Amino acid sequence: MEYYDKTLVPLDTKIGVLCGGMSSERDVSLRSGKNCYEALLRLGYKNIVLIDVDKNIAENLKNEKIETAFLALHGKYGEDGCIQGLLEILGIPYTGCGVLASSISMNKDITKRVLSLFPEIPLIKSQVLYRKDLPNFSIKLNYPLMIKPVCEGSSIGMVKVEAPENLQEALLYAFKFSSCVLIEEFLNGLSATVGVLDIEDETIATPILAFHTKTEWYDYEAKYTEGLTEFELPAKISDELTQKIKEIAIKTHKAVYAKGLSRVDFLITKDNLPYVLEINTIPGMTNLSDLPAQAKSMGWSFDKLVKIILNSSKINDKQ
């Protein structure tokens, strides 16, 4: 696997590390961007700039004469296809997934609709509710439920609902983050995630990372507060189930036309059924993020992972 160590982007390339942005995940993105910027410096790239994305991003990219964009954005305007479309208009290669995969995966409802076309990809029962339909809706699912804004990441705006009398309050909270919410049956089980990487002509899945949280479920606090989550890497599951989950992760990655990298989140029930929850097209790169931990378990340094991601900019300037 010598390809993994190749430097496909010349060291004198003007690279813009795009982070921050205008989403609710701004703070996490700033941490991801800083880590990636520092890794690129260690890799020998000196002609790089850290760019906090705002409404002037097109002008800033042109003024800085950016030749390649390293995307460390999370959430709206960064992980939903918006920045990818702008970069394509400007003719700037960028890391990770293209416009189509990004826009599909950012929306939990559309993701489920696409994945439902593939019988081999298990999905939890759910329904969608728009704010305008709030007065006249009925739930056709079994309690407890998870309420999820369709276009948020990092578990932002998510609420667990144990009984019907708590549903209205949870919906009103979730609607603060999105005009549409996904209502999903809550299943007890093991939360897990798998990184997927396209490296040359090969698509690989990382070891499976499982989570044991001190919170009731894998919420924002558990994700970004050190000590609240115990990581199990690789997950202590059978070899057969491990292989099955990796195969489903790769199929999910390809089903939404993802390229370069993604991270597929799962819920594994006690009877060993792995359900796909969602796809992240720009996985976090903070000190507590999942993909760097998975890479480390494969013997890869953070810098090596960043190089692999940077190399994806060579293959993702088209859908």
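On to the pattern of salt bridges, then. In the structure shown here, the tally under the stated rule is 11 salt bridges. Linking lysine 148 and glutamate 184 is a salt bridge whose minimum nitrogen-to-oxygen distance equals 2.7 Å. Of the two residues, lysine 148 is situated in strand β5 (residues 145-149) and glutamate 184 in strand β7 (residues 180-185); the sequence distance between them amounts to 36 residues. Judged on exposure class, the residue lysine 148 and its partner glutamate 184 are both buried. Aspartate 290 is the salt-bridge partner of arginine 263, the closest N and O atoms lying 3.7 Å from each other. Of this pair, arginine 263 sits in strand β12 (residues 261-269) while aspartate 290 sits in helix α9 (residues 290-297), placing them 27 residues apart in sequence. Here arginine 263 matches aspartate 290 in class, with each residue buried. A cluster of three or more residues bridged by salt bridges with shared partners is formed by Lys112, Lys148 and Glu184.

The next thing to look at is the sheet that holds β5. Two modes of strand pairing occur in sheets, parallel and antiparallel, and in both the strands are linked by backbone hydrogen bonds. The antiparallel open sheet is built from four strands, whose spatial order is β4-β7-β5-β6. In the strand order of this sheet, the two ends are held by β4 (126-130) and β6 (159-161), each with one partner. Strand-to-strand twist across the sheet, computed as the mean angle between neighbouring axes with direction ignored, equals 25°. Where β4 and β7 come together, five bridges link them in antiparallel fashion. From the neighbouring strand, serine 126 faces β7, where its bridge partner is glutamate 184. Together, β4, β5, β6 and β7 form the strand contacts of helix α6 (residues 167-174), whose direction differs from that of β5 by roughly 20°.

This paragraph deals with the packing of aromatic side chains. For the structure shown, the criterion picks out two aromatic pairs. Measuring from ring centre to ring centre gives 5.3 Å for tyrosine 173 and phenylalanine 177, while their planes differ by 70°; the resulting arrangement is edge-to-face. On the basis of relative accessibility, which here comes to 29%, the residue phenylalanine 177 falls in the partly exposed class. When the centroid spacing of 5.9 Å and the interplanar angle of 70° are considered together, the rings of phenylalanine 211 and phenylalanine 231 count as edge-to-face. Placement of the pair is phenylalanine 211 in strand β10 (residues 209-213) and phenylalanine 231 in strand β11 (residues 229-232), with a sequence separation of 20 residues. Using a relative accessible area of 6% as the deciding quantity, one classes phenylalanine 211 as buried.

Conventions we followed
- Residues numbered from 1 in each chain as written.
- Predicted model: local features only at pLDDT ≥ 70, side-chain atom pairs only at ≥ 80, totals over all residues.
- Heavy atoms only, no water.
- Salt bridge = Lys/Arg side-chain N within 4 Å of Asp/Glu carboxyl O.
- Helix = DSSP H or I, 4+ residues; strand = E, 2+ residues; numbered from the N terminus.
- Buried < 20%, exposed > 50% of the residue type's maximum accessible area, 1.4 Å probe, protein only.
- Pairing = 2+ DSSP bridges.
- Axes fitted to C-alpha atoms, helices over the stretch in contact; angles between N-to-C directions.
- Contact = heavy atoms within 4.5 Å.
- Phe/Tyr/Trp six-rings, centres within 6.5 Å; stacked < 30°, edge-to-face > 60°.

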